[in-house]
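# Fold and contact review
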Amino acid sequence: MSDSSYLVAVVGAGPAGLFAARRLAEHGVRVVLFNRDVKPGGLAEYGIYPDKLKMKRALREQFRQILASPRIDYYGNITVCSENSVTLEVLLSVFHAVLVTTGAQGTKWLRVPGETLPGVYHAKNLVYHYNRLPPFSQRNFLIGQRVVIVGGGNVMIDVARYLIRERKVAEVVAVIRRGPAEVRFSRKEFAAIAANLDRKALDEEFARLPPLLRAVGQDAQALQQTFLAAQTKALPPVSDTRFRFEFLASPVRVVGDLINGISALKVENNELILADGQVKARGTSVTRPIEADTVIFAVGDTVERMLCLPVYGDVYATVQEPRFPVQGVSFEACNPDMRQPVEGVFLAGWARQPSTGLVGYAKHDGEMAAEAVWQYLQTRTPSKNVEALLRRFDRRVEEIQQPLVRKTDLPRLEAAERQQAERLGVEDFKFTTNEEMFAAMGLLPQSP
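These lines cover the structure that appears in this document, whether it is placed above or below. (Residues numbered from 1 in each chain as written. Predicted model: local features only at pLDDT ≥ 70, side-chain atom pairs only at ≥ 80, totals over all residues. Heavy atoms only, no water.)

### Notes on the overall build of the protein
Where we set the bar: By definition, any uninterrupted DSSP run of H or I lasting at least four residues is a helix, any uninterrupted run of E lasting at least two residues is a strand, and each is numbered from the N terminus. We compute the radius of gyration over the C-alpha atoms and compare it with the globule rule, which gives 2.2 Å times the number of residues raised to the power 0.38. A 1.4 Å probe rolled over the protein chains alone gives each residue an accessible area, and that area as a share of the maximum for its type sets the label: buried under 20%, exposed over 50%, partly exposed in between.
When you go through the protein residue by residue, the secondary structure sums to 14 helices and 21 strands. Against the globule reference of 22 Å for 448 residues, the protein gives a C-alpha radius of gyration of 24 Å, in line with a compact fold. If you line up the protein on its principal axes, its C-alpha atoms span 70 × 55 × 45 Å. Within the protein, the fraction of its 448 residues that count as buried is 52%.

Take a look at the structure:
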């Protein structure tokens, strides 16, 4: 390997970051991955429903192969942000470019009264909890018997699946702002909970929808059949949980107080309209309560604001007229106030477009971003004595971040978790705290 090379820091080690790192390494670039978590994988490790082990194992093997590249280094348990010793400014002083693939780590709320009451949660935090991501794995979630989930995507289905099949609550209600034609979950995912669908409630819901759906040219009866068809491939039920939908409803208030807890989610009834060729919901000013003692918002995510990159709405801003486009897409971070690129900083995956697509999207977006970075690198001069430079950088990072997880540590963690799975007689095992993982890798200081 030549000791003259381009250097790129990839912040985030989910699918977008890992596949981007591989593509850059294929161009001969030296890449260092920085990961907030101990383990690589991001949402592929901590966002996919736990029993999808075949998918997870296939992805883990791909990630293992990527990290085996001698051109790729890995630092886990390190956060790049404006409040840490490792900032974007620090990375840009060492690396030619920084590719941010941190996902949508921020929490998006609807800003309705009562959101801060105990028993109100964001779906992402609960997903991290049941997927055993520290520190969410250790948090106590106050889940009652009547749960309302706000949202109509696959995340809503995953959370409902957990509540129905693991927590076995009495009732789960999905509150959806628009109609049944606009839900964003797949029939395959819905089959996991379709056996618990309350048929009587579904019939009643579709009995009130026809005039509202006809206003935008939709057929209520045909749509109802698509929901019922999922029951033919439904997983066998394991609980008596009632699952039902409340379409055309927007949250306006979580009803309750600190002492007595939550009693209801107050919603506004919506109607459907066509605007610029798209079906949209419009409030009617008519409100009603939906009884609940737990409310979970599955309304998408936003980017982390502690990275010190300009944020526009829920996303990091990108240059509208990129210097290094790939397939017409801009991956270059932008400072909207200055109306110019953030020199050397690129975005990919959910850091560029939060809550968009799944692993396949992240992989493709990461690889395209890597090509944009490669174009940019052609305008720079490669660094000399790269290995010596990276050794000095490694020593410096180790001084400011303990314990620091490197890719050579990860096989010990994998072996320890396999041993625990065999001992417990389970298919898959994860340590639920960082301290347990550090101990398994031999990274905790020894007692004198």
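### Description of the pairing of strand E10 (residues 242–246)
Condition: In this scheme, strands are said to pair when DSSP sees at least two bridges between them.
E10 sits mainly inside the fold: 4 of its 5 residues count as buried. Pairing geometry for strand E9 (residues 171–175) and E10, over 5 bridges, is parallel. Pairing of Val 173 across the sheet is with Arg 244, part of E10.

### Description of the side chain of Lys 430
Threshold: Polar contacts, as counted here, are pairs of nitrogen or oxygen atoms within 3.5 Å of one another; within protein the pair requires one atom able to donate a hydrogen and one able to accept it, and residues that are adjacent in sequence qualify only if both atoms are side-chain atoms. Any pair of residues with heavy atoms lying within 4.5 Å of one another is described as a contacting pair.
With respect to the secondary-structure elements, Lys 430 resides in the loop between helix H13 (410–424) and helix H14 (434–441). Looking at Lys 430, its side chain comes within polar contact range of the main-chain oxygen of Glu 45, at 2.9 Å. A polar side-chain atom of Lys 430 sits 3.1 Å from the main-chain carbonyl oxygen of Asn 131. Contacts of Lys 430, omitting those with residues within four sequence positions, involve Lys 39, Glu 45, Tyr 46, Lys 56, Arg 60, Asn 131, Arg 132 and Glu 417.

### A closer look at the pattern of salt bridges
What counts, and what does not: Definition used for salt bridges: Asp or Glu carboxyl oxygen within 4 Å of a side-chain nitrogen of Lys or Arg.
One pass over the full model with this rule turns up 35 salt bridges. Put simply, Glu 171 and Arg 244 hold a salt bridge, and the shortest N to O gap is 3.1 Å. Within this pair, whereas Glu 171 is found in strand E9, its partner Arg 244 is found in strand E10, the two being separated by 73 residues in sequence. Here Glu 204 makes a salt bridge to Lys 200, at a shortest N to O gap of 2.6 Å. Taken together, the positions of Glu 204 and Lys 200, both in helix H8 (residues 199–208) and 4 residues apart, correspond to about one turn of that helix.

### Some remarks on the side chain of Asn 35
Its place among the elements puts Asn 35 in strand E3 (residues 30–35). Looking at Asn 35, its side chain comes within polar contact range of the main-chain oxygen of Lys 39, at 2.6 Å. A distance of 2.9 Å separates the side chain of Asn 35 from the side chain of Tyr 74, its partner in a polar contact. With residues near it in sequence (within four places) discarded, Asn 35 still touches Ala 13, Pro 40, Tyr 74, Tyr 75, Gly 76, Asn 77 and Ile 78.

### Thoughts on the packing of helix H1 (residues 15–26) against helix H11 (residues 359–377)
The test is simple: Here an axis means a line fitted to C-alpha atoms, over the contact stretch when the element is a helix, while the angle between two N-to-C directions is reported on a 0 to 180 degree scale. With respect to orientation, any angle under 35 degrees is reported as roughly parallel, any angle over 145 as roughly antiparallel, any angle of 65 to 115 as roughly perpendicular, and every other angle as oblique. Handedness of a crossing is defined here by the sense of rotation of the near helix relative to the far one, left-handed for an anticlockwise turn of less than a right angle and right-handed for a clockwise turn.
Across the interface, H1 lies against H11 with an axial gap of 7 Å and an inter-helix angle of 40 degrees. Between H1 and H11, the interaxial angle falls into the category oblique. Here H1 runs over H11; the crossing is right-handed. Residue-level contacts link Pro 15, Ala 16, Phe 19, Ala 20, Arg 22, Arg 23 and Leu 24 of H1 to Val 359, Ala 362, Lys 363, Gly 366, Glu 367, Ala 370, Glu 371, Val 373 and Trp 374 of H11.

### Considerations on H13
To keep it simple, the criterion reads: Helix span, as expected, comes to 1.5 Å for every residue beyond the first. To obtain the arc, one takes the directions from the helix axis to the C-beta atoms.
Between its first and last C-alpha atoms H13 spans 21 Å; for 15 residues at 1.5 Å apiece the expected length is 21 Å, and the two agree. What H13 keeps buried is the set Leu 410, Leu 413, Ala 416, Glu 417 and Ala 421. Seen from one end, H13 has its buried residues packed into an arc of 140 degrees, which puts them on one side. For H13, the exposed residues set more than 90 degrees away from the buried face come down to Gln 419, Glu 422 and Arg 423. Those residues of H13 that are buried are in contact with helix H3 (53–67), strand E4 (72–76), strand E21 (405–406) and H14. Looking one or two residues beyond H13, the residue adopting positive phi is Gly 425, at roughly 70 degrees.

### Here we look at the environment of Val 286
Note on placement: Val 286 falls in strand E13 (residues 278–291). If we ignore the near neighbours within four places in the chain, the residues touching Val 286 are Val 267, Glu 268 and Asn 269.

### Some points on the packing of aromatic side chains
Note the cut-off: Pairing of aromatic rings covers Phe, Tyr and the six-membered ring of Trp, with a centre-to-centre limit of 6.5 Å; geometry is then stacked below 30 degrees between planes, edge-to-face above 60, and tilted otherwise. Our definition puts a charge over a ring when NZ of Lys or CZ of Arg is within 6 Å of the ring centre and also within 35 degrees of the ring normal.
Per the counting criterion, the structure on display carries 27 aromatic pairs. One aromatic cluster is present, formed by Phe 185, Phe 190, Phe 206, Phe 227, Phe 243, Phe 245 and Phe 247 through successive ring pairs. Between Lys 363 and the ring centre of Phe 19, over which it is positioned, the NZ or CZ distance is 5.2 Å.

### Considerations on the environment of Leu 163
Relative to the helices and strands, Leu 163 is located in helix H6 (residues 154–167). Separated by 78 residues in sequence, Leu 163 and Thr 241 have C-alpha atoms that sit 8.6 Å apart. Leu 163 has contacts with Ile 143, Val 147, Ile 149, Lys 168, Val 169, Val 172, Thr 241 and Ile 296, leaving out every residue within four places of it along the chain.

### Structural notes on the sheet that holds E3
In spatial order, the strands read E18-E19-E5-E2-E3-E4-E21; together these 7 strands make up an open sheet with mixed pairing. Because the sheet does not close on itself, it has two edges, and the strands there are strand E18 (332–335) and E21. Where E4 and E21 come together, 2 bridges link them in antiparallel fashion. Among the inter-strand pairings, Gly 76 is bridged to a residue of E21, identified as Val 405. Here H1 sits on the sheet in contact with strand E2 (7–11), E3, E4 and strand E5 (97–100), set at roughly 170 degrees to E3.

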